[in-house]
Amino acid sequence: MALGWTQAGAASLALILAGCGGGNSQASDGAGASTDTAAAASKPAAPLEDALLMPPSWMPSDWDRNVTYGAGEPGSDDSKNKRSARQQMLATVPFTLWAVANDTLVTEAFEPIWVWYTAIRSCDRGIQMSDDLAGEFGDRERGKAALTQARTELKTWAASQPRELTLYFTARLGQWNESTGAFPLQQPGRATSFKPKAIKAIDDFHDGATVQLRTSSTGENAITYFQASLVAPQCPNRDKSRIYKFEKMSQWWVYFGDVDTGVAGLVDFKAPALLPPITMSREAAAAFSQRNSQREVEVAVTFVPAGSSFLKLSDQSAIRANYKQVTITDALNDTVLASKAY
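Since this is a predicted model, take the numbers as computed values, not measurements.

1. Describing the overall build of the protein chain
A tally of regular secondary structure across the protein chain gives seven helices and 17 strands. Expressed as a percentage of the 342 residues in the protein chain, the buried residues total 51%. The contacts in the protein chain between residues at least 6 apart in sequence include a share of 67% that link residues at least 24 apart. Surface exposure of the protein chain reaches about 15,300 Å², of which carbon and sulfur atoms provide 50%.

2. Points about helix α5 (residues 140-158)
Here α5 is 19 residues long and its end C-alpha atoms lie 27 Å apart, about the 27 Å a rise of 1.5 Å per residue gives. Buried within α5 are the following residues: G143, A146, L147, A150, L154, W157 and A158. What you see down the axis of α5 is that its buried residues fit within an arc of 115 degrees, all on one side. Exposed and oriented more than 90 degrees from the buried face of α5 are E141 and T156.

3. Brief notes about the packing of aromatic side chains
Summed over all chains, the structure comprises 18 aromatic pairs. An angle of 20 degrees between the planes, with centres 6.5 Å apart, marks the rings of Y244 and F246 as stacked. Accessibility classification places Y244 together with F246 in one group, the buried group. Between Y255 and F269 the ring centres are 6.0 Å apart and the planes differ by 50 degrees, which places this aromatic pair in the tilted class. In this pair, Y255 sits in strand β10 (residues 251-256) while F269 sits in strand β12 (residues 268-271), placing the two residues 14 residues apart along the sequence. A relative accessible area of 28% means that F269 is categorised as partly exposed. Clustering of aromatic rings is evident, with ring pairs tying together F95, W98, F169, F226, F256, F303, Y323 and Y342.

4. Some thoughts on the state of the cysteines
Throughout the structure, instances matching the rule amount to one disulfide. The disulfide partner of C123 is C235, and the gap between their sulfur atoms is 2.0 Å. Handedness here is read from the sign of the S-S torsion; for C123 and C235, about -80 degrees, the answer is left-handed. Taken as a pair, C123 in helix α4 (residues 123-134) and C235 in strand β8 (residues 234-236) lie far apart in primary sequence, 112 residues in all. We note that C123, like C235, is buried.

5. Quick word on the packing of helix α3 (residues 111-121) against α5
Taken N-terminus to C-terminus, the directions of α3 and α5 make an angle of 65 degrees; their axes are 9 Å apart at the nearest point. Classified by the angle between their axes, α3 and α5 sit roughly perpendicular to one another. The way α3 lies across α5 gives a crossing that is left-handed. Note on element contacts: α5 touches α3 through L147, A150, R151, E153, L154 and W157, opposite E111, W114, Y117, T118 and R121. Across the contact of α3 with α5, the residue classes tally to six nonpolar, one polar and four charged.

6. So, the side chain of Q87
Here Q87 lies in helix α2 (residues 79-101). Here the side chain of Q87 touches L53 through a polar contact of 2.9 Å, landing on its backbone nitrogen. Those residues in contact with Q87, other than ones at most four positions away along the chain, are L52, L53, F194 and I202.

7. Details of the nonpolar core
Ranked by internal contacts, the top residues of the largest apolar core, which has 74 residues, are W114, F169, L185, I223, F226 and F303. With 10 residues, α2 is the largest single contributor of residues to this core. Dropping the residues within four chain positions of it, I223 is found in contact with F169, V211, Q212, L213, F256, A273, L275, V301 and Y323.

8. A closer look at the confidence of the model for the protein chain
Considering every residue of the protein chain, the mean pLDDT works out to 84; 82% of them sit at 70 or more. Below a pLDDT of 50 lies the segment residues 35-49, which in the model reaches 35 contacts outside its immediate sequence neighbourhood of four places, other chains included.

Criteria and cut-off values
- Residues numbered from 1 in each chain as written.
- Predicted model: local features only at pLDDT ≥ 70, side-chain atom pairs only at ≥ 80, totals over all residues.
- Heavy atoms only, no water.
- Helix = DSSP H or I, 4+ residues; strand = E, 2+ residues; numbered from the N terminus.
- Buried < 20%, exposed > 50% of the residue type's maximum accessible area, 1.4 Å probe, protein only.
- Contact = heavy atoms within 4.5 Å.
- Areas by Shrake-Rupley, 256 points an atom, 1.4 Å probe, with all protein chains shown as cover.
- Expected span 1.5 Å × (residues − 1).
- Arc of directions from axis to C-beta.
- Phe/Tyr/Trp six-rings, centres within 6.5 Å; stacked < 30°, edge-to-face > 60°.
- Disulfide = S-S within 2.5 Å.
- Axes fitted to C-alpha atoms, helices over the stretch in contact; angles between N-to-C directions.
- Parallel < 35°, antiparallel > 145°, perpendicular 65-115°, else oblique.
- Left-handed = near helix turned anticlockwise from the far one by under 90°.
- Nonpolar A, V, L, I, M, F, W, Y, C, P; charged D, E, K, R; others polar.
- Polar contact = N/O pair within 3.5 Å; in protein donor to acceptor, adjacent residues only side chain to side chain.
- Core = buried A, V, L, I, M, F, W, Y, C linked by side-chain atoms within 4.5 Å.
- pLDDT = per-residue confidence, 0-100.

Below, the structure written as structure tokens:
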């Protein structure tokens, strides 16, 4: 949402955008939330799956396990899908929360993100907040007060979290550059606060932040940005007759290097933030390529917020960040290929 919008204006845009989503047609049910009619559950819900990989930081300990990534309908006894849905929440929420907490421009006018934050901690509160803000018979004053409360709660909780965040993603090495002795990074996967091997052991598919890499003609790499997942968590209501989907509407990006707001949403890059080069001798490069035929590596990036945020577009907020530590390892045997503290 653009800064300075009134709550009513933000809620109105949320209503408009909620109707533009793909798939089934949906009736809006509040700022950042839409509802699908679902058949009432005929079976009791399956027990909650405890075998989840927990992120090391930036995931509220009081997250509501009734809010999921989206797999499985209310009342479903498909424990595998429910476990996967909850694991997807754990893979996507931490980075979004870090980004929102470090966004220096975000206010209560970004209604959907505060409904989203409330819902991931309590489906009941999120549904109530959604209905109050944009439901036909909502309590607008209570909804506005809940927006302020949610923002205050996030800021208070975020202050207790580490300032930095570490994201991990897989990538592949391109063709070895004879003149520099370096491999370029290519084909990045999704980034999460889980190490790739650990989350793949739990779930073959996992969502996460989008990673954009830049590669120079001499093979120097830089991360342009991480973009927070756009996944919309969902909650069943009390009688399990409806599913509320909590769209964030706005997008959060974390940019590295010397960047500034550009024209028409195009970011102006003044200087890239370079990753440590992956250099090897010809013999070592050949041996690596033979041993690891896919040339798959794992990249760990620890970063910290840096300076003020800026609006990429009216509904896209960009947070500046600096590397603190980058380590690139062989995905097969965890051998460190390149590492640098910043």
